[in-house]
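# Examination of the molecular architecture
Spelled out, the chains give:
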Amino acid sequence: MARKTTKVRIVSCADDPRAAGKTGRIVDEVPPGELTQGRWTVKVDAFLIGDVLCNGSELRESS
C-alpha cells in the first residue's frame, strides 16, 4: 500500500483513537515488519496528535 509519501485517511486507529477521521502521510520507507507488529507509521495532520501506528485495514488512500 505504501510509499514514503503516500497520503492516507485514517478510518480507525487502535494506537490512538483521536486520529480516526484525520488524514496523514505514511513515513515508512519499507513495508512494516516485526518491530511495528506489521503496522504503518503515520504522521497525522493534527497539532496535538503525534505519529501513530496503524494496520493497513485502518487506512484508506487519500488524494
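Shown above is the structure to which this text applies.
Quick notes on the rules
Residues numbered from 1 in each chain as written. Predicted model: local features only at pLDDT ≥ 70, side-chain atom pairs only at ≥ 80, totals over all residues. Heavy atoms only, no water. Helix = DSSP H or I, 4+ residues; strand = E, 2+ residues; numbered from the N terminus. Contact = heavy atoms within 4.5 Å. Pairing = 2+ DSSP bridges. Axes fitted to C-alpha atoms, helices over the stretch in contact; angles between N-to-C directions. Core = buried A, V, L, I, M, F, W, Y, C linked by side-chain atoms within 4.5 Å. Buried < 20%, exposed > 50% of the residue type's maximum accessible area, 1.4 Å probe, protein only.

## Topic: the environment of Arg9
Examined against the element boundaries, Arg9 turns out to sit in strand S1 (residues 7-10). With 24 residues separating them along the chain, Arg9 and Gly33 place their C-alpha atoms 21 Å apart. Those residues in contact with Arg9 that lie beyond four places of it in its chain are Gly21, Lys22, Thr23, Glu58, Leu59, Arg60 and Ser62.

## Observations regarding the sheet that holds strand S5 (residues 59-61)
Across the sheet, 5 strands lie side by side as S4-S3-S2-S1-S5; this open sheet has antiparallel pairing. Single-partner strands in this sheet number two, and they are strand S4 (52-54) and S5. On average, each strand axis in the sheet is inclined to that of its neighbour by 45°, with strand direction left out of account. In this structure, S1 lies alongside S5, joined through 3 bridges in antiparallel fashion.

## Topic: the nonpolar core
Most often, soluble globular proteins keep nonpolar side chains buried together rather than apart. By size, the foremost hydrophobic cluster in this structure holds 12 residues: Val8, Ile10, Cys13, Ala19, Ile26, Trp40, Val42, Val44, Ile49, Val52, Cys54 and Leu59. What Val8 contacts, discounting residues up to four positions off in sequence, is Lys22, Thr23, Gly24, Ile26, Val42, Leu59, Arg60, Glu61 and Ser62.

## Observations regarding the pairing of strand S2 (residues 23-26)
Bridging between S1 and S2 involves 3 bridges; their strand directions are antiparallel. By the bridge assignment for S2, Arg9 is matched with Thr23. Pairing geometry for S2 and strand S3 (residues 40-44), over 3 bridges, is antiparallel. Looking across to S3, one finds that Gly24 is bridged to Val44.

Read these as layout, nothing more, since geometry by itself doesn't imply function.
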